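# Per-entry structural report
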Amino acid sequence: MMRKSLVLAVFAVVPVLAVAGFAAAAGGGQSQLDVVRGATAAFHDIGAARAAGYTVELNESIANGGLTDGSCIVNKDAAAGGAMGVHMVNPGLVDGAADDANPEVLLYEKRNDGSFKLIGVEYVSTAAGTALGQPLVSSDVSRFFGAGATLYTLHAWIWKPNPDGMFRSWNARVTC
């Protein structure tokens, strides 16, 4: 009888401790991912993104290499699959630093009805650095912007899970 009472007491206390621990962790501050989710939540409305300065100008300057519909970037490696989606760039944010709360690029996926769904963000910098605690990856963009052009980038799939990881460039669940 004593053992049964002890087991019942443990089952009663563990959920309370779990909830208390979760509340304490949540009260300690937002994670870096929560910061960017909060900063970009309004951009689920693509009109709000455009009003905030996000455009597709960068993609329109890229001459068809890996693009469909002029702006949705797909992985040319068919074996790897996936895509990055439609990139809405805020040119005013592209500089020598990445700011977690102000991603330079918003990533969208076009729905069957023609509307767009916010699926992630991309940080773009002209200099090496970090975003969301991750190192930016060097990308040779000479074919788009001329010899020697380099950008540093990081994708974060904050609104659509990526089976290969939060910060991978290509998302196998994204289609163009």
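Residues numbered from 1 in each chain as written. Predicted model: local features only at pLDDT ≥ 70, side-chain atom pairs only at ≥ 80, totals over all residues. Heavy atoms only, no water.

### Overview of the side chain of E109
Our working rule: Numbering goes from the N terminus for both helices and strands, where a helix is a DSSP run of H or I of at least four residues and a strand is a run of E of at least two. Identification of polar contacts relies on pairs of N or O atoms within 3.5 Å, with a donor-acceptor requirement for protein atoms, meaning one able to donate a hydrogen and the other able to accept it, and with residues adjacent in sequence counted only if both atoms are side-chain atoms. By the convention used here, residues are in contact when the closest approach between their heavy atoms is within 4.5 Å.
Following the sequence through the fold, E109 ends up in strand β4 (residues 105–110). At 2.5 Å, the side chain of E109 and the side chain of K160 are in polar contact. Discounting residues that sit within four places of it in the chain, E109 has contacts with S115, F116, K117, I119, K160, R173, V174 and T175.

### Considering the state of the cysteines
Selection criterion: The disulfide criterion is simple: two cysteine sulfur atoms within 2.5 Å.
Scanning the model with the defined rule gives 1 disulfide in all. Here C72 pairs with C176 through a disulfide, and the sulfurs are 1.8 Å apart. What sets the handedness of the C72 and C176 disulfide is the S-S torsion sign, and at about -70° it is left-handed. A residue pair is termed long-range when its members are at least 10 positions apart, and C72 in strand β2 (residues 72–74) and C176 in the segment after β9 (150–156) qualify at 104 residues.

### Examining the environment of L106
Take L106: it is sitting in strand β4. On a C-alpha basis, the gap between L106 and H87 in space is 5.8 Å, while along the polypeptide they are 19 residues apart. In this structure, L106 is in contact with T40, F43, A49, Y54, V86, H87, M88, L118, G120 and V121, ignoring residues within four places of it in sequence.

### Side note on the environment of N75
In this structure, N75 sits in the loop between β2 and β3 (83–89). Sequence-wise, N75 and A172 are 97 residues apart; in three dimensions their C-alpha atoms are separated by 9.2 Å. What N75 contacts, discounting residues up to four positions off in sequence, is A80, G81, G82, A83 and W170. From its side chain, N75 meets the backbone nitrogen of D77 in a polar contact 3.0 Å long.

### Side note on the confidence of the model for the protein chain
Quick reminder of the rule: The quantity known as pLDDT measures the predictor's confidence residue by residue, on a range of 0 to 100.
Mean pLDDT over the protein chain works out to 78, with 74% of the residues at or above the 70 mark. Below a pLDDT of 50 lies the segment residues 1–29, which in the model reaches 1 contact outside its immediate sequence neighbourhood of four places, other chains included. In this model residues 58–70 is a low-confidence stretch, pLDDT under 50, and it forms 21 contacts with partners more than four residues away in sequence or in other chains.

### Quick word on the side chain of T153
The topology assignment puts T153 in strand β9. The residues contacting T153, other than those within four sequence positions of it, are E122, Y123, V124, L136, V137 and S139.

### Observations concerning the pairing of β9
Keep this limit in mind: Each residue is placed in one exposure class: buried if its accessible area under a 1.4 Å probe, protein chains only, is under 20% of its type's maximum, exposed if it is over 50%, and partly exposed if it falls in between. By the convention used here, strands pair only if DSSP detects at least 2 bridges between them.
The element β9 is extensively covered by neighbouring structure, given that 5 of its 7 residues are classed as buried. In terms of strand pairing, strand β5 (residues 116–125) meets β9 through 5 bridges, oriented antiparallel. Residue pairing in the sheet places V124 in a bridge with T153 of β9. Note: strand β8 (residues 137–140) against β9, 4 bridges, orientation antiparallel. Within β9, the position partnered with D140 by the bridge is T150.

### Regarding the nonpolar core
This is how it is decided: Throughout, nonpolar core names a set of buried Ala, Val, Leu, Ile, Met, Phe, Trp, Tyr and Cys residues whose side chains join them through atoms within 4.5 Å.
F43, M88, L106, Y108, V121 and Y123 are the most contacted members of the largest nonpolar core, which totals 20 residues. Mapped by element, the contributors of at least two residues to this core are α3 (46–51), β3, β4, β5 and β9. Take this core: its biggest share by element is 3 residues, from β5. Not counting residues up to four positions away in its chain, the partners in contact with F43 are A48, A49, A52, Y54, L106, Y108 and L118. Judged by nonpolar contacts, the second largest core, of 11 residues, contains L107, I119, V124 and V174.

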